[in-house]
Number of protein chains: 2
Amino acid sequence: MSKNDEVILLDFWASPFAMRVKIALAEKGIKFEAREEDIMAGKSELLLNSNPLHKKVPVLLHYGKPICESAIIVSYIDEVWPFPAMLPTCYYARAQARFWADFVDKKLFDGGCGIWRNNGDALELGKKEFIEILQVLEGALGGDFFGGDNFGFVDTIAIPHASWFYAYEQFGGFKVEDVCPKLSAWIKRCLKRDSVAKSLPDPSKVYEFLCMFRKMNGLD
Amino acid sequence: MSKNDEVILLDFWASPFAMRVKIALAEKGIKFEAREEDIMAGKSELLLNSNPLHKKVPVLLHYGKPICESAIIVSYIDEVWPFPAMLPTCYYARAQARFWADFVDKKLFDGGCGIWRNNGDALELGKKEFIEILQVLEGALGGDFFGGDNFGFVDTIAIPHASWFYAYEQFGGFKVEDVCPKLSAWIKRCLKRDSVAKSLPDPSKVYEFLCMFRKMNGLD
């Protein structure tokens, strides 16, 4: 990889948003350097300068130029390296894929926060709302993948969040498999893909990370 | 227009999100039927069936098939009717345009709510935060338009919100022109375009609408 081909990801191992970028790059067969940010001790100057508005990972640096916001980065990757395509070719199907990716963006992470950032009644309400979100997604799953027969854009956007589900299950006292068996089968199917398996962390590590966060914030 | 060419917009006159779709269709020269929803008395069955998750305008019905979420609808319009293009051709510039459209989506409407849905200290804080958002946008305005020399995707996404600025100025006691002269000049430039002028309502009507809303909610 020459200097001009450099693809650098400003990363944090537990970020489902950064995982999306790692999956997309792996699907396209693009080598990249992941630079781990220390979001606890202090973000790097490179991150703060590359994403001055949001100051968040992931940032993709391509030829040194920063691209921010994970769904936008995945779209960029899909345009720069078009094969295999992540979005369908049919305009209507593309709009549908963008709709579901947007739904995941607006609901899934915040929905999970309703569980792991709460206790008592608030946690119970958070769990109820989270399960409703999962059930909507389960209803949208038409085939083996959100992309139909093939793993695609919506799958790339959504599957990283599954690495946090084990933690949600522990805090909330429920099983995704019991409430959404089709979605649970989709998770297992995605995890069989190399691109996903190597981009997602061990769910028990995410659980430990969230336990630490809860202790720091007096929740446990 | 034959039945198969039917383009129907489920609309609400004061919605900046619906205005985006009207501007995009006007820029492409596409005739459409706007069906006004009565969001106070009750949404139509067609709206509730076409957008069952969000239950919101705008919805574009093309060949009877619904597309939801305004930025996704504008992207769909730009793909189906590619000339004149709203997004740049350069992949990096496309990602930048999507970044700024996303910034507008996440900040501008909610930022305005911080003014018109509040009184007293909360209104003052809302005003301060709203002006900061405008100043970020002003800093991102590179040329005559967000799209550079040409009116484009970000302009289409952002300009409808300007029809609410007069109301924000009245409630907040400030002038956009005083705090963001470059952005104010951009608004005037956009309003000279036919596509924008015919898609945006009279700002004093929006002000009256918001006054009514404030009275209904005991704010005035």
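Refer to the structure printed above.
Notes on the structure follow. Because the structure is predicted, anything quoted here is derived from the model rather than measured.

Residue and element names in this part refer to chain B. For the pair helix α5 (residues 120-140) and helix α7 (residues 165-172), interaxial distance at closest approach is 10 Å and the crossing angle is 140°. It follows from the interaxial angle that α5 and α7 lie oblique. Seen from above, α5 lies across α7 with left-handed handedness. When α5 is examined against α7, the residues Leu-123, Lys-127, Phe-130 and Leu-134 are found in contact with a partner set consisting of Phe-165, Tyr-168, Phe-171 and Gly-172. When grouped by side-chain class, the residues that make up the contact of α5 with α7 number six nonpolar, one polar and one charged.

This next bit is on the interface of chain A and chain B. Accessible area lost upon the coming together of the parts serves often as the stated size of an interface. In this complex, chain A contributes 25 residues to the contact, which on the side of chain B involves 25 residues. Approximately 2400 Å² of surface area, both sides summed, lies buried where chain A meets chain B, with 68% of it carried by carbon and sulfur atoms. Contact with chain B buries surface across chain A, with Glu79(A), Tyr92(A) and Phe99(A) losing the most and accounting together for 26% of the total. In this structure, Lys106(B) and Glu69(A) form a salt bridge, with 2.4 Å as the shortest nitrogen-oxygen distance. Of all the secondary-structure elements, those providing two or more residues to the side of chain A that touches chain B are β4 (65-68), α3 (70-80) and α4 (91-116) of chain A. Counting residues per element, the side of chain A that touches chain B draws most heavily on α4(A), which supplies eleven residues.

Residues and elements named next belong to chain A. Positionally, Phe-165 belongs in helix α7 (residues 165-172). Using a relative accessible area of 6% as the deciding quantity, one classes Phe-165 as buried. When the C-alpha atoms of Phe-165 and Gly-112 are compared, they prove to be 8.1 Å apart, with 53 residues separating the residues in sequence. Non-local contacts of Phe-165, meaning those with residues more than four positions away in its chain, are made with Leu-108, Phe-130, Leu-134, Val-176 and Ile-187.

For the rest of this paragraph, the subject is the sheet that holds strand β3 (residues 59-62) of chain B. Residue and element names in this part refer to chain B. Here four strands make up an open sheet; going across it, the order is β2-β1-β3-β4 and the pairing mixed. The two strands at the open ends of the sheet, each matched to only one other strand, are β2 (33-36) and β4 (65-68). Averaged over neighbouring strand pairs, the angle between their axes works out to 25° when direction is ignored. As paired strands, β3 and β4 are joined by four bridges and run antiparallel to one another. Of the residues in β4, the one forming a bridge with Leu-61 is Pro-66.

What follows deals with a nonpolar patch on the surface. Taken together, the side chains of Ile39(A), Met40(A), Met212(A) and Met216(A) define a hydrophobic patch exposed on the protein surface, amounting to about 370 Å² of accessible area. Its place among the elements puts Met212(A) in helix α11 (residues 203-216).

As a further point, take the pattern of salt bridges. This structure, assessed with the given rule, holds 28 salt bridges over all chains. Asp11(A) serves as the salt-bridge partner of Lys22(A), at 2.9 Å between the closest nitrogen and oxygen. Taken together, the residues span a long stretch of sequence, with Lys22(A) in helix α1 (residues 16-28) and Asp11(A) in strand β1 (residues 7-11) at a distance of eleven residues. Arg189(B) serves as the salt-bridge partner of Asp144(B), at 3.9 Å between the closest nitrogen and oxygen. In this pair, Asp144(B) sits in the loop between α5 and α6 (153-158) while Arg189(B) sits in helix α9 (residues 181-191), placing the two residues 45 residues apart along the sequence. A residue is classified by how much of its surface remains accessible, and Asp144(B), at 39% relative accessible area, is partly exposed. When salt bridges that share partners are traced, they join Glu69(A), Asp102(B) and Lys106(B) into one network.

What counts, and at which threshold
Residues numbered from 1 in each chain as written. Chains lettered and ligands numbered in written order. Predicted model: local features only at pLDDT ≥ 70, side-chain atom pairs only at ≥ 80, totals over all residues. Heavy atoms only, no water. Axes fitted to C-alpha atoms, helices over the stretch in contact; angles between N-to-C directions. Helix = DSSP H or I, 4+ residues; strand = E, 2+ residues; numbered from the N terminus. Parallel < 35°, antiparallel > 145°, perpendicular 65-115°, else oblique. Left-handed = near helix turned anticlockwise from the far one by under 90°. Contact = heavy atoms within 4.5 Å. Nonpolar A, V, L, I, M, F, W, Y, C, P; charged D, E, K, R; others polar. Buried area = accessible area lost by both parts, 1.4 Å probe. Salt bridge = Lys/Arg side-chain N within 4 Å of Asp/Glu carboxyl O. Buried < 20%, exposed > 50% of the residue type's maximum accessible area, 1.4 Å probe, protein only. Pairing = 2+ DSSP bridges. Patch = residues over 30% accessible without salt bridge, like charges linked within 9 Å, V, L, I, M, F, W, Y side chains within 5 Å. Areas by Shrake-Rupley, 256 points an atom, 1.4 Å probe, with all protein chains shown as cover.

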